[in-house]
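# Remarks on the overall topology
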Amino acid sequence: MRIDIMTLFPDTVGAVLHESIIGRAAKKGILEINCHQIRDYTLNKQKQVDDYPYGGGFGCVMMAQPLKSCLEHVMSTAQGRRSRVIYMSPQGQPFTQETAKRLKNDYDHLVLVCGHYEGVDERFIEECVDEEISLGDFVLTGGEIAAMAVADAVCRLVPGVLADEQCYTGESHWDGLLEYPQYTRPEVWEGRRVPEVLLNGDHSKVAHWRRKKQLERTRAKRPDLFRKLALTDPEDQKLLREVEKEAGRKQLTEPISCEKATLEDIPRIMEIVDYARQTLGRRRVDQWQGEYPSPEIFRQDVERGELYALRHGAELAAFFLVTDRPEPCYEEITDGKWTPDLPYCVLHRCAVAKEYRGTGLAEQMLRFAEETARTLGGRTLRVDTHRKNKPMQQLLRNNGYRYRGNVLVDENGHDPARQAFEKILKK
Ligand SMILES: C[S@@+](CC[C@H](N)C(=O)[O-])C[C@H]1O[C@@H](n2cnc3c(N)ncnc32)[C@H](O)[C@@H]1O
């Protein structure tokens, strides 16, 4: 496989790709990676590669001529190869493991064109580019990071680059699944043991356990991938049924409604709290590990009209509290700051029932909480979570909440350190 990268930063790209596994494979002659300075192909004395956009607007656009001349030079040395010219672009198809496989199988020469500034003259794309690939739905300042990612992902599939084919065929995304959890020495770390099955030397049990874990964690971490799975192997299908059964999760067959909770809801809310308490305890999160939050606290929440119940049909499936009362614990924040000068609401006490975890209800709960905050006149929604409560932090980040710093929340002698998050609400 030969890869030519056209860039304004050939030294940076070269320094990265000539290191480590890919670099070693290049030294052995399994790969050829060349980085080309687009600036060397300008026809003007100043070696200017960009100019103002026609029609006005911000920034500059890379001119077609240096790009085309650079590409012609690259192609003149690649005769007889199955070449593909790829423009790295936020407007391209998102890059996946499937794309990496296709590029490795169908071509033995990739030319990766890195744009910069506001992008490149459209006529170069029309004239010279075979396809556009994006690293994801976000905008980078240049195509270099994307090109390095594509080069790395494709090159590691080339025979001889990794020690064994199994190095990548067992990995995440190869067959639509995520990889199983990995462990190395020591056997016990910080009180956490390596799963017993991995220690007893029974290879078929290890393989069975790993495959099941792949299914479980794909279901839990990437429900979008899980829904697309089309497993044909009867063993896999059996495992799949087991995983589904064990998860015992409900399907959201009915719309979710949100209304103020009533005093009659409190016993069910306490059931949900008890399960959340156990889960947090298992994860060694020192939150909700004592009496708090008690039925008495929820009674006060209901009476103030601040507690909301999410119902799936008639069943209470999740709850949350949103208030516009200022939170005294948030007055002092360290290692960061809240958004100033905007009225805020606070999200407290929220949880999703066991059977509804992994169904997307937690995301819906945040949407309802935000809607409630907006109705109360809040322009931002603030929330704190225990510093070890990684799933909650992940949920917040995935839903547009930003980490703002650390606050202290007294919970009857339990660890008071909390991470503070905030989301600016759209009007
Ligand atoms: C600031 S971007 C230009 C974005 C362009 N104005 C637009 O809105 O589509 C500059 C260059 O970075 C590269 N780039 C930015 N985001 C990318 C992404 N998500 N994937 C691949 N390349 C990207 C492209 O090569 C692009 O020409």
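In every chain, residue numbers begin from 1 and rise along the written sequence. Where local features are concerned, this predicted model is filtered to residues with pLDDT of at least 70; where side-chain atom pairs are given and counted, the filter is 80 or more; whole-chain, interface and lining totals use all residues.

### What about the site of the ligand?
Any residue whose C-beta atom, as set from the backbone, lies within 6 Å of a molecule or strand is reported as near that molecule or strand. Neighbouring residues of the ligand: 20 residues in total, closest P90, G115, L140, G143 and A146. In terms of residue count, strand β5 (residues 83–94) provides more of the shell around the ligand than any other element does, 4 residues in total. Think of it as three bins: nonpolar holds Ala, Val, Leu, Ile, Met, Phe, Trp, Tyr, Cys and Pro, charged holds Asp, Glu, Lys and Arg, and polar takes everything else, Gly as well. Classifying every residue of the shell around the ligand by side-chain character gives 9 nonpolar, 10 polar and 1 charged. Helix and strand assignments come from DSSP, with helices taken as H or I runs of at least 4 residues and strands as E runs of at least 2, each series counted from the N terminus.

### Notes on the sheet that holds strand β11 (residues 307–312)
Whether parallel or antiparallel, the strands of a sheet pair through hydrogen bonds between backbone atoms. When DSSP finds at least two bridges between two strands, those strands are taken to pair. One open sheet holds the 7 strands; their spatial order is β10-β11-β12-β13-β14-β16-β15, and the pairing between them is mixed. One side of each edge strand has no neighbouring strand; the edge strands of this open sheet are β10 (256–260) and β15 (402–408). Direction aside, the axes of adjacent strands within the sheet are offset by 30° on average. Bridge count for strand β12 (residues 315–323) against strand β13 (residues 344–352) is 5 bridges, and the pairing is antiparallel. Within β13, the position partnered with T323 by the bridge is V346. Helix-sheet contacts for helix α13 (residues 361–375) involve β10, β11, β12, β13, β14 (380–386) and β16 (417–424), and the interaxial angle to β12 is about 40°. Interaxial angles span 0 to 180 degrees and are taken between N-to-C directions of axes, which are lines fitted to C-alpha atoms, for helices over the stretch in contact. Any pair of residues counts as being in contact when their C-beta atoms, constructed from backbone geometry, are within 7 Å of one another.

### Here's the deal with unusual backbone geometry
Between R185 and P186 the backbone carries a cis peptide bond, its omega angle lying at 5°. Looking at the secondary structure, you find P186 in the loop between α7 (166–169) and β8 (188–189). The omega torsion across Y292 and P293 is -5°, close enough to zero to call that bond cis. A positive phi angle, near 60°, is found at R284, a position not held by glycine. Mapped onto the elements of the fold, R284 is located in the loop between α11 (266–282) and α12 (295–304). Counts of 20 or more other C-beta atoms within 10 Å of a residue's own C-beta define buried residues, counts of 12 or fewer define exposed ones, and intermediate counts define partly exposed ones; C-beta atoms are placed from the backbone. Take R284: there are 11 C-beta atoms within 10 Å of it, and that puts it in the exposed class.

### Observations concerning helix α10 (residues 234–247)
Expected helix span is taken as 1.5 Å per residue step, with the number of steps being one fewer than the number of residues. In this model, α10 (14 residues) spans 20 Å end to end at C-alpha, consistent with the 20 Å of a helix rising 1.5 Å per residue. α10 sits mainly on the outside: 0 of its 14 residues count as buried. Residue G248 follows α10 closely and has a positive phi angle near 55°.

### Notes on the domain arrangement of the chain
Often, the extent of an interface is quoted as the loss of accessible area on bringing the components together. If you check the domain split of the chain, you get domain 1 (2–166), domain 2 (188–247) and domain 3 (256–424). Relative placement of domain 1 and domain 2: their C-alpha centres are 38 Å apart. An automatic or database domain assignment provides the domain bounds reported here.

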